[in-house]
Every structure is written in structure tokens, then in C-alpha cells.
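Fold and contact review
Residues per chain are reported as follows:
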Amino acid sequence: GAGPYTGYGLSEAEAREYAETTPFTPREVQEMHQRFSALDYTGKGYLEYEECLGLDDLRANPFAPRICEIFSEDGSGNMTFQNVLLMRSAFSGRTSVEIRSTWAFALWDFDGDDIIGPRDIRIALDLVTNSAPNINEMALPVKGGDLSEMFSPFVLDEIVSQVLQEMDPDAVGISFADFMDATCRWPDFAANICLGK
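Report on the accompanying structure. (Residues numbered from 1 in each chain as written. Predicted model: local features only at pLDDT ≥ 70, side-chain atom pairs only at ≥ 80, totals over all residues. Heavy atoms only, no water.)

Among the secondary structure elements, N83 is positioned in helix α5 (residues 81-90). Look at N83 and you get buried, because its relative accessible area is 5%. There is a polar contact of 2.8 Å between the side chain of N83 and the backbone nitrogen of T80. (Helix = DSSP H or I, 4+ residues; strand = E, 2+ residues; numbered from the N terminus. Buried < 20%, exposed > 50% of the residue type's maximum accessible area, 1.4 Å probe, protein only. Polar contact = N/O pair within 3.5 Å; in protein donor to acceptor, adjacent residues only side chain to side chain.)

Attention now moves to helix α2 (residues 26-39). Helix length check: α2 (14 residues) gives 20 Å between terminal C-alpha atoms against 20 Å at 1.5 Å per residue, within 8%. Taken residue by residue, α2 has V29, Q30, M32, H33, F36, S37 and L39 as its buried positions. Along its buried surface, α2 packs onto α1 (12-20), β1 (46-47), α3 (49-52), β2 (79-80) and α5. (Expected span 1.5 Å × (residues − 1). Contact = heavy atoms within 4.5 Å.)

Below, the discussion takes up the packing of α1 against α2. The relative placement of two packed helices is expressed as an angle between their axes plus a distance between the axes. Where α1 meets α2, the closest approach of the two axes is 8 Å, and the angle between their N-to-C directions is 110 degrees. One element, α1, and the other, α2, form an angle in the roughly perpendicular class. Packed against α1, whose contacting residues are E12, A15, R16, Y18 and A19, the element α2 presents P26, V29 and Q30 at the interface. Split by residue class, the contact of α1 with α2 holds five nonpolar, one polar and two charged. (Axes fitted to C-alpha atoms, helices over the stretch in contact; angles between N-to-C directions. Parallel < 35°, antiparallel > 145°, perpendicular 65-115°, else oblique. Nonpolar A, V, L, I, M, F, W, Y, C, P; charged D, E, K, R; others polar.)

Time to look at the pattern of salt bridges. For the structure shown, the criterion picks out seven salt bridges. A salt bridge links R27 to E31, with the nearest nitrogen and oxygen atoms 3.3 Å apart. One end of the pair is R27 and the other is E31, both in helix α2 and four residues apart, which spans about a single turn. Salt-bridge contacts for R66 lead to E69; the nearest nitrogen and oxygen are separated by 3.2 Å. Taken together, the residues span about one helical turn, with R66 and E69 both in helix α4 (residues 64-71) at a distance of three residues. When salt bridges with common partners are traced through the structure, they connect D40, K44 and E51 into a single cluster. (Salt bridge = Lys/Arg side-chain N within 4 Å of Asp/Glu carboxyl O.)

Right, let's get into the packing of α4 against helix α6 (residues 97-108). Contact geometry of α4 with α6 gives a least axis separation of 10 Å together with a crossing angle of 110 degrees. One way to sum up the angle between α4 and α6 is to call them roughly perpendicular. The way α4 lies across α6 gives a crossing that is right-handed. Between α4 and α6, the contacting residues are R66, I67, I70 and F71 on the first element and W103, A106 and L107 on the second. For the contact of α4 with α6, a count of residues per class yields six nonpolar, no polar and one charged. (Left-handed = near helix turned anticlockwise from the far one by under 90°.)

Next up on the list: the state of the cysteines. All told, the structure shown has zero disulfides when counted by the stated rule. Free of any disulfide, C68 has its nearest cysteine sulfur in C52, 4.2 Å distant. (Disulfide = S-S within 2.5 Å.)

Moving on, we come to the environment of Q30. Position of Q30 among the secondary structure elements: in helix α2. Distance from Q30 to G9, taken between C-alpha atoms, is 6.8 Å for residues 21 residues apart in sequence. Excluding residues that lie within four positions of it along the chain, Q30 makes contacts with L10, S11, E12 and A15. One polar contact links the side chain of Q30 to the main-chain carbonyl oxygen of L10, over a distance of 3.2 Å.

Geometric descriptors of this kind do not, in isolation, establish any biological role.
This is how it looks when you write it as C-alpha cells:
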């Protein structure tokens, strides 16, 4: 059909409209849309979870499954172009630390109770340790790679307690305020730990 996903990309007006609500220029929006359309080669208008893993930001990123889940509207991991733009905006260096930290916090708060507790950190570390660097083009998470042998459950528990001691000395879980405090003290924390860069 002649819908917005005919492969001809966005109109200049559409690109400008997206650029107004994101930190990107119309040209960058056009380029992202081209990449999006290339991954959505059947023209569904959204990327399925496996296709999302072809996005440059998510390739070989241990948090990819979680990122797709958070930014998809229904938690399915399917992402529309708007979802992809929101994801890119949320972690862009041109976005305020507050916004980046808000999304980073959500990323780590797996059970959604507004506290990052030992269980959340464990799941996060599990993701990081179980997705060994992957050369596969689509970068699907690899279970049982070389890295995972280095992190036995025992070692993971040690790391969890160290992280919590550093950020959460009273053992009540890390609130968003604590998290913001930590991100201010370690400016690279949000970007590096959350995006595995």
C-alpha cells in the first residue's frame, strides 16, 4: 500500500515533526527511519523482538531484551519507529542526565516496585554475564558463553552484595533518589553499566 512504510522513508515534514520532540536533527531522524525500514523489510510497521536486536544500539548489548521490553508499548519487545526514537532519545548524550537516569533506573527495576533490590541486581548481572560477546550479525543473547563460567552463582552473590553495600548501606534497596545520587557521583555509571558500553 501507500502507507508510511512503503520504503520511501519519511517526508521532510514528518522528519521535522519527529525532530522537534527528540534530540535529533531531521536528517538523523531520516537515517534512523531508513535503518528501521531496512530491518522491517516486510513492511509491518514495527520490529519484532528478534529484528530489534539488529539495531546498532542493541547489537551485542546484554540489556537488549530488557530494553525492547521497556520501550515496546505492551512489553512484547515489538517496537514501532516511535518506540525506537524514544529509546534512542532516552539514552542520547544530548538528553539530560535526569531523563537518562529515569530510564536507566526503570531498566534495572525488573520487578517494577520502584526499588532496585538484590533480586533486580542479580537479574541484571545475570544478563550481563550470560550474554557473552557475540559476533552473530543479529546478536541474539548467548547462554553459557565463556563469560558465564567466570560468574558462578556464588560469585554473583558476592558482586550483588558489594554493589548494594556501595549504593545501599542500609540494605533497604536503592530508591530512585539513591540511584540519582550514585549517577551524579559516577557520571559514567548510567551510560556504561546500563548500556553495556
